Amino acid sequence: QQQVKQSPQSLIVQKGGISIINCAYENTAFDYFPWYQQFPGKGPALLIAIRPDVSEKKEGRFTISFNKSAKQFSLHIMDSQPGDSATYFCAASGAGGYNKLIFGAGTRLAVHP
Amino acid sequence: DAGVTQSPTHLIKTRGQQVTLRCSPKSGHDTVSWYQQALGQGPQFIFQYYEEEERQRGNFPDRFSGHQFPNYSSELNVNALLLGDSALYLCASSLAGTGQSTEAFFGQGTRLTVV
């Protein structure tokens, strides 16, 4: 029940295309859903996050879509660029203010010029 | 404003030894969480410190212990190192929420290699 399932494992997109990464969760007590971007040898960097009372959040080229009834959320990267090539992790955190993050397995994105 | 800083960046230890990793949280943050990230996997929660006490713990053995200091910085200690402890150890800082999760920011990690 604490798992977050992420797909696909890897993704290849052409420059200018849309990258879509999906995640699903079981625990309805989760109240915060962030996405992190990680480059090789670096720590994860917070990209964008959403709470379950909102169905969509957009920041620049990055959009989170959230479907509370289906217990699914996704990251859309518009106009994908080679510099977006990285590993992306979805995560979920439970209520209570403890900020314990449960991570998905990650998606390795490659954007080809 | 300095972000989350971790030291050292790389470390090589021999099986059976002990290791201490350090973390300074982002300015204004009072909560430190530690994660282990094996190669090609997502980070796994080890434990969290708030008000100098361990507040939550993941599924890790007692060989993993920690400490938080009055200035909110934290240490992760691992005893009796195993080859399987080789991983990237990440520190995340956040501000304790009042019943709601808040943003967590990660350091660059410490790459631990056990030989």
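Above this text you will find the structure in question.
Position numbers for residues start from 1 in each chain and track the written sequence from start to end. Note on labels: chains are lettered from A, ligands numbered from 1, in written order. Per-residue local features of the predicted model are confined to residues with pLDDT of at least 70, and side-chain atom pairs are confined, for both listing and counting, to 80 or more; whole-chain, interface and lining totals are unaffected and use all residues. Hydrogen atoms and water are omitted, and side-chain values are computed over all heavy atoms in the structure.

## A closer look at the side chain of T20 of chain B
Residue and element names in this part refer to chain B.
Okay, so step 1: The numbering of helices and of strands both runs from the N terminus, where a helix is a DSSP run of H or I of at least 4 residues and a strand a run of E of at least 2. Checked against the element boundaries, T20 lands in strand 3 (residues 19-24).
Okay, so step 2: At 3.0 Å, the side chain of T20 and the side chain of Q18 are in polar contact.
Okay, so step 3: Polar side-chain contacts of T20 include one of 2.7 Å to the side chain of N77. Two N or O atoms form a polar contact when they lie within 3.5 Å of each other; inside protein one atom must be a possible hydrogen donor and the other a possible acceptor, and for residues adjacent in sequence the pair counts only when both atoms belong to side chains.

## Notes on the packing of aromatic side chains
Residue and element names in this part refer to chain A.
Okay, so step 1: Only Phe, Tyr and Trp rings take part, Trp by its six-membered ring, and two of them pair if their centres are within 6.5 Å. Stacked means planes under 30 degrees apart, edge-to-face means over 60, and tilted covers everything else. Taken as a whole and judged by the stated rule, the model has 18 aromatic pairs over all chains.
Okay, so step 2: Here the aromatic rings of Y36 and F103 are separated by 5.7 Å at their centres, their planes lie at 50 degrees, and the arrangement is tilted. One end of the pair, Y36, is in strand 4 (residues 30-38); the other, F103, is in strand 10 (residues 101-103), and 67 residues separate them in sequence. Just as Y36 is buried, F103 falls in that class too. A simple rule labels every residue: compare its accessible area, found with a 1.4 Å probe on the protein chains alone, to the largest value its type can have, and call it buried under 20%, exposed over 50%, or partly exposed in between.

## What about the environment of R111 of chain B?
Residues and elements named next belong to chain B.
Okay, so step 1: Within the secondary structure, R111 sits in strand 11 (residues 110-114).
Okay, so step 2: As for R111 and G3, which are separated by 108 residues in sequence, their C-alpha atoms are 18 Å apart.
Okay, so step 3: The contact definition used throughout considers only heavy atoms, calling two residues in contact when any of these lie within 4.5 Å. Not counting residues within four places of it along the chain, the set of residues in contact with R111 comprises T9, H10, L11, L39, A87 and L88.

## As for the pattern of salt bridges
Residues and elements named next belong to chain B.
Okay, so step 1: A side-chain nitrogen of Lys or Arg and a carboxyl oxygen of Asp or Glu constitute a salt bridge if their distance falls within 4 Å. In the structure shown here, the tally under the stated rule is six salt bridges over all chains.
Okay, so step 2: As a salt-bridge pair, R57 and E54 come within 3.0 Å of each other at their nearest N and O atoms.
Okay, so step 3: In this structure, the salt-bridge partner of R63 is D85, at a minimum N-O distance of 2.9 Å. In this pair, R63 is assigned in the loop between strand 6 (53-57) and strand 7 (64-68) and D85 in the loop between strand 8 (74-78) and strand 9 (87-94), connecting sequence segments 22 residues apart. For the pair R63 and D85, one class covers both residues: buried.

## A short note on the sheet that holds strand 1 (residues 4-7) of chain A
Residues and elements named next belong to chain A.
Okay, so step 1: Strand order across the open sheet formed by five strands is 1-3-8-7-6, with antiparallel pairing between neighbours. Edge strands, defined here as strands with exactly one partner in the open sheet, are strand 1 and strand 6 (56-59). On average, each strand axis in the sheet is inclined to that of its neighbour by 15 degrees, with strand direction left out of account.
Okay, so step 2: Only when DSSP finds a minimum of two bridges between them are two strands counted as paired. Bridge count between strand 6 and strand 7 (residues 62-67): four bridges; the pairing is antiparallel. Across the sheet, E59 pairs through a bridge with F62, a residue of strand 7. The axes used here are C-alpha line fits, helices contributing only the stretch in contact, and every angle between their N-to-C directions lies in the interval 0 to 180 degrees.

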